Amino acid sequence: MYCGEAIGLVISVFSFAMGACIASFLNVVIWRVPRGESIVAPPSHCPKCGAAIRWWQNLPIASWLALRGKCAKCHAPISPRYIAVETLGGVLFLAAFWRFGAYAPFMWVWFSLMIAGSFIDFDHQLLPDFVTIGGMVYGVLLSLLSWVCAMHFPVPAMPLYPAFQPFAAPPANALSGLALGFSLLWIVRWLGTKAFGREAMGMGDVLLMGAVGALFGPVAVLVTLILSSLAGSVAGIAMIAFAKTKFGRFVAIPYGPYICLGCLGWIFRGPEIVTWYVSLFKPAAL
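Because the structure is a prediction, the values reported are computed rather than measured.

Cut-offs applied
Residues numbered from 1 in each chain as written. Predicted model: local features only at pLDDT ≥ 70, side-chain atom pairs only at ≥ 80, totals over all residues. Heavy atoms only, no water. Helix = DSSP H or I, 4+ residues; strand = E, 2+ residues; numbered from the N terminus. Buried < 20%, exposed > 50% of the residue type's maximum accessible area, 1.4 Å probe, protein only. Contact = heavy atoms within 4.5 Å. Salt bridge = Lys/Arg side-chain N within 4 Å of Asp/Glu carboxyl O. Polar contact = N/O pair within 3.5 Å; in protein donor to acceptor, adjacent residues only side chain to side chain. Expected span 1.5 Å × (residues − 1). Bend = angle between axes of the 7 residues up to and from the residue. Phe/Tyr/Trp six-rings, centres within 6.5 Å; stacked < 30°, edge-to-face > 60°. Lys NZ or Arg CZ within 6 Å of the ring centre and 35° of its normal. Core = buried A, V, L, I, M, F, W, Y, C linked by side-chain atoms within 4.5 Å.

Q: Explain the overall build of the protein here, please?
A: Broken down by element type, the protein carries nine helices and zero strands. Seen in sequence order, the protein has helices and strands lined up from the N terminus as α-α-α-α-α-α-α-α-α. Taken over 286 residues, the protein has a buried fraction of 37%. Considering only contacts in the protein between residues 6 or more positions apart, those separated by 24 or more positions represent 70%.

Written out as C-alpha cells, the structure reads:
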C-alpha cells in the first residue's frame, strides 16, 4: 500500500468514527432539545430505570451491538434508531471526505444540523432555530470566509464543474440563495394556507430552505425544491395509503427531512443533475 493510500484510509476511518461520535451526541440533542431539557446535565442515563450509562456503554454503534439493544441494568429495549443515527452520521461524514477532501469539515457542520433537524421534525413536526436560523447564519459567514480566503489564498475550484464549489463562494451568491429559498417556500406556504384554510407548511421549512440557499446558492435551491418535492410526494402517497387502510385518517407529513434529503442530492450529485437537465433542451446533433 502506498503512503498516500494509507493516509487516505486512516482519514476515512477517522471521518466515519467522527461522524458516529457526533451523531451519538446528536441523539441526545434530538431527544432533549424539543423537551426543553439541558443537553449537558444530567449525564446520559436509561429513560426507563434512570441508571447512568458508563462511558464503555456509550460507544457509538459498538455499545448498542454489544448490549444487544438493551439497557445493561434493567434490560429495557434501546431504540434501534440510536444506532441508525450513529451509522448515518458516520456514512455522511465519510462520504463528505471522499467527495470534498479538505473541505469536508465545513460540510460536517451542515450534516450535523440536518441530522438533528430531520429527526426532531419527524418526532415533533418542528425545526429548531439552531438548525434553520443557525444554518442561514453559517452559510453567510462561510461565504464571507470563502471570499476572503479566495482573495488572499487562491485555491483551485472543486473538480465538479467550472465555478462550482461545495459552498456558496461569493457573498452575493449566498444572499441571493437565501432570499430565493426563503421567498419560494414562503409563497408556497402562503398559497397552501389560502387554498386549504389552515397552515399548510411550518415556518421552519421556509427558514430551512433559506439556509440551503445561503450555503449553496440559488441553483441549489431549485434542485433541492424539486428533489424534496418528489421525495415528499412519494412518501406522502405511501403514508396516506397506509393511513387510510389502517387508521382511516390523514397523516401530517413533516417536510423538513425531505428538504434535507433533496439537499443531499444537490451536495453529492448537483452538478450532474444540472448538466443532465440542461442537456434535455439542447438540440440533437444532425
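Q: So what exactly am I meant to see when it comes to the pattern of salt bridges here?
A: Once the charged atoms of two side chains with opposite charge are near each other, the side chains can pair. By the definition in use, this model includes three salt bridges. One salt bridge in this structure joins R99 and E272, with 3.5 Å as the shortest N-O distance. Here R99, found in helix α3 (residues 81-100), pairs with E272, found in helix α9 (residues 256-279); they are 173 residues apart in sequence, far enough to count as distant. By relative accessible area, R99 is classed as partly exposed at 22%. The class for E272 is partly exposed, based on a relative accessible area of 37%.

Q: Would you explain unusual backbone geometry in this entry?
A: Most peptide bonds take the trans form, and the phi angle of most residues other than glycine is negative. Look at I61: it is not a glycine, yet its phi comes out positive at around 65°. Within the fold, I61 resides in the loop between α1 (3-32) and α2 (62-66). I61 sits in the buried class, given a relative accessible area of 17%. Of note in the backbone geometry, R68 takes a positive phi value of approximately 55° without being a glycine. Within the secondary structure, R68 sits in the loop between α2 and α3.

Q: Would you explain the environment of R99 in this entry?
A: For R99 and I267, which are 168 residues apart along the polypeptide, the C-alpha to C-alpha distance reads 9.2 Å. A polar side-chain atom of R99 sits 3.5 Å from a polar atom in the side chain of E272.

Q: Mind showing me how you'd approach α9 here?
A: Every α-helix carries 3.6 residues per turn, so stepping three or four residues along brings you back to the same face. The first and last C-alpha atoms of α9 sit only 30 Å apart over 24 residues, clearly below the 34 Å expected at 1.5 Å per residue. Largest kink in α9: about 90°, centred on R269, with the proline P271 one to four residues after it.

Q: I keep staring at the environment of I259 and nothing clicks. Help me out?
A: Relative to the assigned elements, I259 resides in helix α9. Placed 33 residues apart in sequence, I259 and I226 show a C-alpha to C-alpha distance of 9.4 Å. Once residues within four sequence positions are removed from consideration, I259 is found in contact with D205, L208, M209, V212, T224 and S228.

Q: Explanation requested: the side chain of R189 in the structure shown.
A: With respect to the secondary-structure elements, R189 resides in helix α6 (residues 171-196). Taking the relative accessible area as the measure of exposure, R189 reaches 19% and is therefore buried. Once residues lying within four places of it in the same chain are set aside, the contact partners of R189 are E199, A200, M201, G202, M203 and V206.

Q: Can you help me understand the packing of aromatic side chains in this one?
A: Under the definition given, this model contains six aromatic pairs. Taken together, the aromatic side chains of F100, F111 and F268 make up a single cluster linked through ring pairs. Sitting over the face of the ring of W31, R35 holds its NZ or CZ atom 3.5 Å from the ring centroid.

Q: Honestly, the environment of W55 in this entry has me stumped. Any pointers?
A: Topologically, W55 is positioned in the loop between α1 and α2. Look at W55 and you get exposed, because its relative accessible area is 64%. Considering only alpha carbons, one finds W55 and S44, 11 residues apart in sequence, at a separation of 9.2 Å.

Q: Could you clarify how one ought to interpret the nonpolar core in this entry?
A: Side chains of a nonpolar character, in soluble globular proteins, are inclined to be buried together. If you look at the biggest cluster of nonpolar residues, it comprises 49 residues, and the most contacted ones within it are W110, F111, M114, F216 and I267. Elements that contribute at least two residues to this core include exactly α1, α3, α4 (104-124), α5 (129-152), α7 (203-216), α8 (218-246) and α9. Top element by residues in this core is α4. It accounts for 11 residues. Look past the residues within four positions of I267 in its chain and what remains in contact with it is R99, F100, M107, W110, F111, M114 and F216.

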